[in-house]
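Tertiary structure, described
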Amino acid sequence: MFTGIITGVGRIAALHDLGSSLDHGKRLTLEAPPGYLDDVGLGDSIALNGACMTVTSLDLPQHRFTIDISAESLHRTTGLAQAGGRVNLEKALRAHDRLGGHIVSGHVDGIGAVTRFAQVGESWELRVNAPPELGKYLAYKGSITVNGVSLTVNQIVDTAQGCEFSINLIPHTVENTALGELAAGSTVNLEIDTVARYVERMLSAGQLTPKDSA
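As a starting point, this report considers the structure included with it. What you are looking at is a predicted structure, and each value in this text was computed from that prediction instead of being measured. (Residues numbered from 1 in each chain as written. Predicted model: local features only at pLDDT ≥ 70, side-chain atom pairs only at ≥ 80, totals over all residues. Heavy atoms only, no water.)

1. Digging into the overall build of the protein chain
Rules: In this description a helix means any DSSP run of H or I spanning at least four residues, a strand means any run of E spanning at least two, and both kinds are numbered starting from the N terminus. Summary of the burial criterion: residues with accessible area below 20% of their type's maximum are buried, those above 50% are exposed, and those between are partly exposed, where the area comes from a 1.4 Å probe applied to protein chains only. Whether two residues are in contact is decided by their heavy atoms, any of which lying within 4.5 Å being enough. The Shrake-Rupley method, run with a 1.4 Å probe sphere, supplies the accessible areas, and residue values consider only the shown protein chains as cover. This count recognises Lys and Arg as positive and Asp and Glu as negative, with His and chain-terminal groups excluded. Throughout, a charge is located at the NZ atom of Lys, the CZ atom of Arg, the CG atom of Asp or the CD atom of Glu.
Helix and strand counts for the protein chain come out as 4 helices and 12 strands. Counting only C-alpha atoms, the protein chain reaches 55 × 50 × 40 Å along its principal axes. Residue burial in the protein chain is summarised as follows: out of 214 residues, 42% are buried. Once local pairs closer than 6 in sequence are excluded, the contacts in the protein chain between residues at least 24 apart make up 67%. Carbon and sulfur atoms make up 52% of the accessible area of the protein chain, which totals about 11400 Å². Distance from the positive charge centre (16 side chains) to the negative charge centre (23 side chains) of the protein chain: 1 Å.

As C-alpha cells, then:
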C-alpha cells in the first residue's frame, strides 16, 4: 500500500528486453536520489509513476535498482518504457507512517491524456481526460492518483470521449515530482480512490436480483 506522497524522483537509466517477442516484458534499471535506497531491501515494493513494482537487485554505490515489468503491465501503464525518463518514486507504506495523501494500492486503473497544463497565479492547472469507464469514480473534492501523486479533484466535466477532471498543483508538487514535465498530449497513469471502488461495488450489488447473482 502507498499514500500518493512522492518521496523521490528517479530516472530510467536502462531498459533490457526479457525476451524476443511482444509477450515478454522488460528489466528496468532505475537511478534513485542519493541515499534513497539505504533502507530498501530485495523484494521491497516501490511505486514507479503509481505502479507497484518489486525490487529485484540493488547497487547502492551507484544509487540504482532494477525491477522486472511484464508485458501486461507495460500495456496497461505509461511512462515506464522510455530510457532517460524521470519517474515518481514512493516506497511502500509502513504501519507507523503518516497517511499524508490517501490509500493507494499501486494498481493502475487506466491511462489518461493531459488536455491542459498551464500556470495560473502561483500554481498550475492540470486537466486530464480519463477513460469513460473511470468517470463514475471521480467526484468533486475527491481523490485521484496521477502518476503516483495523490491529488484532489477540483472540477469534473463529462464528455463523449470520457471524463475531464481538473486539479491544482502547488509549486511544491511541481518542483518535487515529475509532474512538472507534463504537457498537453502527455499520457499519465491513473488510479481511482479505493473507497469509491467499494462504494460502486456495493451499489451495483444491491441492484442485482437473486436470479442475476446466481
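2. Describing the nonpolar core
How we decide: Here, nonpolar core refers to any group of buried Ala, Val, Leu, Ile, Met, Phe, Trp, Tyr and Cys residues whose side-chain atoms link them within 4.5 Å.
Ranked by internal contacts, the top residues of the largest apolar core, which has 26 residues, are Leu-126, Val-146, Phe-165 and Leu-169. Those elements that place two or more of their residues in this core are strand E7 (110-120), strand E8 (123-130), strand E9 (143-146), strand E10 (149-159), strand E11 (162-169) and strand E12 (187-192). If we skip the residues at most four places from it in the chain, Leu-169 touches Phe-117, Ser-123, Trp-124, Leu-126, Leu-151, Val-174 and Leu-179.

3. Quick notes on the sheet that holds E7
Put simply, the rule reads: Pairing between strands is defined by DSSP: at least two bridges between the two strands are required. Interaxial angle, 0 to 180 degrees, is taken between N-to-C directions of lines fitted to C-alpha atoms, where a helix line uses only the stretch in contact.
Strand order around the closed barrel formed by 6 strands is E7-E8-E11-E10-E9-E12, with antiparallel pairing between neighbours. Across this sheet, the average inter-strand angle for adjacent strands is 45 degrees, counted without regard to direction.

4. Focus: the pattern of salt bridges
Under the convention used in this document: Whenever a carboxyl oxygen of Asp or Glu lies within 4 Å of a side-chain nitrogen of Lys or Arg, that contact is scored as a salt bridge.
Taken as a whole and judged by the stated rule, the model has 12 salt bridges. Arg-27 is the partner of Asp-68 in a salt bridge, and the nearest nitrogen-oxygen pair spans 2.7 Å. Here Asp-68 is found in strand E5 (residues 64-69), whereas its partner Arg-27 is found in strand E2 (residues 26-31), with 41 residues between them in sequence. On the basis of relative accessibility, which here comes to 31%, the residue Asp-68 falls in the partly exposed class. In this structure, Glu-200 and Lys-136 form a salt bridge, with 3.2 Å as the shortest nitrogen-oxygen distance. Of this pair, Glu-200 sits in helix H3 (residues 194-206) while Lys-136 sits in the loop between E8 and E9, and the two are 64 residues apart along the sequence. Accessibility expressed as a relative area gives 24% for Glu-200, which makes it partly exposed. According to the relative accessible area criterion, Lys-136 is exposed, its value standing at 58%. Residues joined by salt bridges that share partners form a network here, namely Arg-11, Glu-31 and Arg-64.

5. Here we look at a nonpolar patch on the surface
Going by this rule: Residues qualify for a patch when their relative accessible area is over 30% and they have no salt bridge, like charges being joined within 9 Å and the nonpolar side chains of Val, Leu, Ile, Met, Phe, Trp and Tyr within 5 Å.
A contiguous nonpolar patch, built from Val-195, Tyr-198, Val-199, Met-202 and Leu-203 and spanning about 540 Å² of accessible area, is present on the exposed surface. Within the secondary structure, Leu-203 sits in helix H3.

6. Some remarks on the environment of Thr-54
When you line up the elements, Thr-54 lands in strand E4 (residues 51-59). Sequence separation between Thr-54 and Thr-66 is 12 residues, and the spatial gap between their C-alpha atoms is 8.4 Å. The residues touching Thr-54, leaving out its near neighbours within four places in the chain, are Gly-43, Asp-44, Thr-66, Ile-67 and Asp-68.

7. Digging into the packing of aromatic side chains
What describes a pair of aromatic rings is the distance from one ring centre to the other and the angle between the planes of the rings. In plain terms, the rule: Here a pair means two rings of Phe, Tyr or Trp (six-membered ring of Trp) with centres within 6.5 Å. Their orientation is stacked below 30 degrees between planes, edge-to-face above 60, and tilted elsewhere. Put simply, a charge is over a ring when the Lys NZ or the Arg CZ is close to the ring centre, within 6 Å, and near the line of the ring normal, within 35 degrees.
Using the criterion set out here, one finds 0 aromatic pairs in the structure. The aromatic ring of Tyr-36 is capped on one face by Lys-91, whose charged end is 4.3 Å from the ring centroid.

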